[in-house]
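# Structural description and commentary
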Protein chains: 2
Amino acid sequence: MAKVTEIGDFGLIDRIRARKVPHDDDVVVGIGDDCAVIRRGPVLEVLTTDCLVEGSHYEAGWLSMSDVGWKALAVNVSDVAAVGGVPRHALVTLFLPADFTTKANDELYDGLEACGESTGVTVVGGDIVRTKGPFAISITLSGTCERDEVVLRSGAREGDIIVVTGSLGEAAVGLEYLKSGRVPAEGSAGEACVARFRRPLARAAEARTIVGSLQPSSMIDLSDGLVSDLRHVLEASVVGGVIDADAIPVGQGVIDFFDGNEEEALSRAVAGGEDYELLFTIDRQAEDRLADVSDRLGIKLTPIGKITRKGSGVKMAGREGERDIEKGGFDHFKTAW
Amino acid sequence: MAKVTEIGDFGLIDRIRARKVPHDDDVVVGIGDDCAVIRRGPVLEVLTTDCLVEGSHYEAGWLSMSDVGWKALAVNVSDVAAVGGVPRHALVTLFLPADFTTKANDELYDGLEACGESTGVTVVGGDIVRTKGPFAISITLSGTCERDEVVLRSGAREGDIIVVTGSLGEAAVGLEYLKSGRVPAEGSAGEACVARFRRPLARAAEARTIVGSLQPSSMIDLSDGLVSDLRHVLEASVVGGVIDADAIPVGQGVIDFFDGNEEEALSRAVAGGEDYELLFTIDRQAEDRLADVSDRLGIKLTPIGKITRKGSGVKMAGREGERDIEKGGFDHFKTAW
């Protein structure tokens, strides 16, 4: 009898997706994108759920309870952002061990509400359950989307430009600091990496501007890592992609951490997860507008490659020529969570 | 520092409710009813979340994985039913221990889908996470409601009749069988009790008929137990209530289990949880229509008492006179989960 650990999480998701589901006219998108998309009269509702489990997603001591509250909501906001939605209403389920204190609960809600205030989300309900296992928080987030603005993973077309927001690899380096116990210098880029792992900034407002100004053909948030998430887009869109190693916006804290070892820094930037930046594809005609939109948003929008024809997989072009990432392998650098 | 176990789940919910939340015009009902109710243009969306955790809600061996899938969805359907909503779309989060098998996953989804098919629910997304703790499943269910049909806990008025669907105490007796290892005779009412604990029938279709035909002033599903859930209605409606001990529809399996001990049987019926029947209140004028609606639905609709003025709490009238349930205490019979 196969264990789910043998087929992996994506294997299990494929197995669940393969099940016959009853037809429902109102389900625009079911399992398999950042959000489910449901028709509600004149608007679309987007629904997503994501959880944080102590010992699975982080170790006690790495995050304060306030960080846990913030992050648990932010990772959901990021999923709503990735389809061009406006995050609105959250349901919060808490799995509480017997020694959980009311102070911890208050701090958890402080972080949750701080993230909610900054992204326009209200907590409207939830569930509380005692567990003999570790602390966990599971959030379901509902948002809205104008019908012509929903952006899926499946819309990338050959010739489109691949763009990422901000800089990459910082959350993975933040995690390395926390795992090793090394404390980065105050005010350093390394400290910003740790903050990024603890309190990711979901690109909700930025996503709306990107959708309005650049009409991306596809979009996804970078939770698993650039290569892994790009692969999701390519598979859903039935296309290939080439990314330019020299174009990847490697975070300053990542460069500092590896002290000039460019290959190591690049590996983290393309394979490290949890940056919660956005990856999107745009028509070549829209590339001229990137600089202007980047100025308005105050964040980098970096073209890192282009969409190719089906079957070419994820390739990386660099000084040593073109590498097939599927085989060349960056997966062993993947953030281990 | 207080532990949450000291203030209890309802204490913790009160603490969370007491927090200042940003005003949101679209939130019709936030924390504190069976569902959150959100305005979506011309219709209302209802949202609820509920989970099952092995070792907290049941012990391994009591339920098959198919039962777990069924029950995890049914308890959410019951919450949507309790506000008069139509259950539609579910997000499923699985917390999987390392030894969880693909066969267990398939069985889980068999049960989930069987319940979904019988109640009109489609699974549209979810999350999968590894845990070092016990298996858990958390479901968020979204449904719709016509704007004039949402029924809250807070609408009961002095003089209203209190009505319950079906019969009570069976799930609690089913749990006693499972805890004790006693196996009820095949085809017996005891066996039906065990089935009821394992695969509760949420009253989704019945609730819609009740709402349409009887215009209940308040409604709740019986998950915690009659006394406990009635108390939620009384508190939300700022009224009191008296229930008639002789009118309580004690399940046949409950009567059989206690072999003629009426007091024990009654205690389980009023304090045992997880029956997932509905309790609702109707205007006295509507009482004449109960028998007709009951015939159409093919289930019992039993008037068990009436709403009194504020401050009188939950009282029970019986052969020995009126007892104050708040003090007289049925809570020690409460299903221990």
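Up top is the structure.
What counts as what
Residues numbered from 1 in each chain as written. Chains lettered and ligands numbered in written order. Predicted model: local features only at pLDDT ≥ 70, side-chain atom pairs only at ≥ 80, totals over all residues. Heavy atoms only, no water. Contact = heavy atoms within 4.5 Å. Buried area = accessible area lost by both parts, 1.4 Å probe. Salt bridge = Lys/Arg side-chain N within 4 Å of Asp/Glu carboxyl O. Polar contact = N/O pair within 3.5 Å; in protein donor to acceptor, adjacent residues only side chain to side chain. Helix = DSSP H or I, 4+ residues; strand = E, 2+ residues; numbered from the N terminus. Nonpolar A, V, L, I, M, F, W, Y, C, P; charged D, E, K, R; others polar. Least-squares fit on C-alpha atoms with pLDDT ≥ 70 in both. Expected span 1.5 Å × (residues − 1). Buried < 20%, exposed > 50% of the residue type's maximum accessible area, 1.4 Å probe, protein only.

### Regarding the interface of chain A and chain B
- If you look at the interface, chain A gives 70 residues, while chain B gives 70 residues.
- Between chain A and chain B, the buried area comes to about 6300 Å², and carbon and sulfur atoms account for 59% of it.
- Our count for the chain A to chain B interface comes out at 14 salt bridges.
- Where chain A touches chain B, the interface holds 33 residue pairs in polar contact (both at pLDDT 80 or more).
- Among the elements of the structure, helix H1 (4–17), strand S2 (36–40), strand S3 (43–53), strand S4 (86–96), helix H3 (102–119), strand S5 (122–130) and strand S6 (136–145) of chain A are those that each provide at least two residues to the side of chain A that touches chain B.
- Here the residues of the side of chain A that touches chain B sort into 28 nonpolar, 22 polar and 20 charged.

### Observations concerning the relation of the copies chain A and chain B
- Mapping chain A onto chain B is achieved by rotating through 180° and translating by 0.0 Å along the same axis, at an RMSD of 0.0 Å. What the rotation and shift describe, once combined, is the action of a two-fold rotation axis. Among all residues of chain A, the one whose C-alpha sits closest to the rotation axis is Gly133(A), at a distance of 1.9 Å.
- Looking at the interface residues of chain A, 100% of them are also at the interface in chain B, so both copies use one shared face.

### Overview of the side chain of Ser167(A)
- In this fold, Ser167(A) is placed in the loop between strand S7 (161–165) and helix H4 (170–180).
- Not counting the four nearest positions on each side in its chain, Ser167(A) is found in contact with Arg196(A), Pro249(A), Val250(A), Gly251(A), Asp275(A), Glu277(A) and Lys300(A).

### Focus: helix H7 (residues 226–237) of chain B
Residue and element names in this part refer to chain B.
- Over its 12 residues, H7 runs 16 Å from end to end, which matches the ideal 16 Å to within 8%, given 1.5 Å per residue.
- H7 sits mainly inside the fold: 10 of its 12 residues count as buried.
- Buried within H7 we find Leu226, Val227, Ser228, Asp229, Leu230, Arg231, His232, Val233, Leu234 and Ser237.
- Within two residues after H7, Val238 carries a phi angle of roughly 55°, on the positive side.

Everything listed here is a matter of coordinates, which is why it stays silent on function.
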